[in-house]
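# Working through the structure, step by step
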Amino acid sequence: MFVLIVRTIILYFVVVFVMRLMGKRQLGQLQPYELVITIMISELATLPMQDLRLPLLLGIIPILTMLILQIILSEIQLHCESLRKVIDGKPSILLRDGRLDTAALREQRINVDDLMEELRISGYFNF
């Protein structure tokens, strides 16, 4: 039982350290590839926590590999705009000249009520 607790504590600090190195973002601000990496890191950490027969390094090495992959992708995005568009996609403009772009709303699967709620949260009460 004590071994399980120690392994859990070690993996917890490894995951927190890796997430801090990845950057300070909220879950809603993550790009799709960052969200995938975050989910994969959490899954990789659970394997050696659940199975005491697996060595701890079996979880730590893949987690560090995912960190390196995320850092490499972030650096590529900083320096290459064309790859940034491929990795992140193109931003959608939902409001043009004070009018709703219904095609963009449909494409992003956002309804008008959700957009209005987000505008109000951002401090825009009358657009």
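Quick look at the structure, then.

Reading the values: the criteria
Residues numbered from 1 in each chain as written. Predicted model: local features only at pLDDT ≥ 70, side-chain atom pairs only at ≥ 80, totals over all residues. Heavy atoms only, no water. Salt bridge = Lys/Arg side-chain N within 4 Å of Asp/Glu carboxyl O. Helix = DSSP H or I, 4+ residues; strand = E, 2+ residues; numbered from the N terminus. Buried < 20%, exposed > 50% of the residue type's maximum accessible area, 1.4 Å probe, protein only. Core = buried A, V, L, I, M, F, W, Y, C linked by side-chain atoms within 4.5 Å. Contact = heavy atoms within 4.5 Å. Axes fitted to C-alpha atoms, helices over the stretch in contact; angles between N-to-C directions. Parallel < 35°, antiparallel > 145°, perpendicular 65-115°, else oblique. Left-handed = near helix turned anticlockwise from the far one by under 90°. Nonpolar A, V, L, I, M, F, W, Y, C, P; charged D, E, K, R; others polar.

### Notes on the pattern of salt bridges
Enumeration according to the criterion identifies three salt bridges in this entry. One salt bridge connects Lys85 with Glu81, and the closest N-O pair in it is separated by 4.0 Å. Of this pair, Lys85 and Glu81 are both found in helix H4 (residues 81-88), four residues apart, which corresponds to roughly one turn of the helix. The class of Glu81 is partly exposed, set by a relative accessible area of 49%.

### Describing the nonpolar core
Note on soluble globular proteins: their nonpolar side chains tend to be buried together. One finds Val18, Met22, Ile37, Ile41 and Ile63 to be the most contacted residues of the largest nonpolar core, which totals 15 residues. Discounting chain neighbours no more than four positions away, the residues touching Ile41 are Val15, Val18, Met19, Met22, Ile63 and Met66. In this structure, Ala104, Leu105, Met116 and Leu119 belong to the second largest nonpolar core, which totals six residues.

### Concerning the packing of helix H1 (residues 2-22) against helix H2 (residues 32-50)
Where H1 meets H2, the axes come as close as 9 Å, and the angle between the chain directions of the two elements is 165°. Put simply, H1 runs roughly antiparallel to H2. Taken as a pair, H1 and H2 cross one another with a handedness that is right-handed. Across from Leu4, Arg7, Thr8, Leu11, Val15, Val18, Met19 and Met22 in H1, the residues of H2 making contact are Glu34, Ile37, Thr38, Ile41, Ala45, Pro48 and Met49. Of the residues in the contact of H1 with H2, the class split is 11 nonpolar, two polar and two charged.

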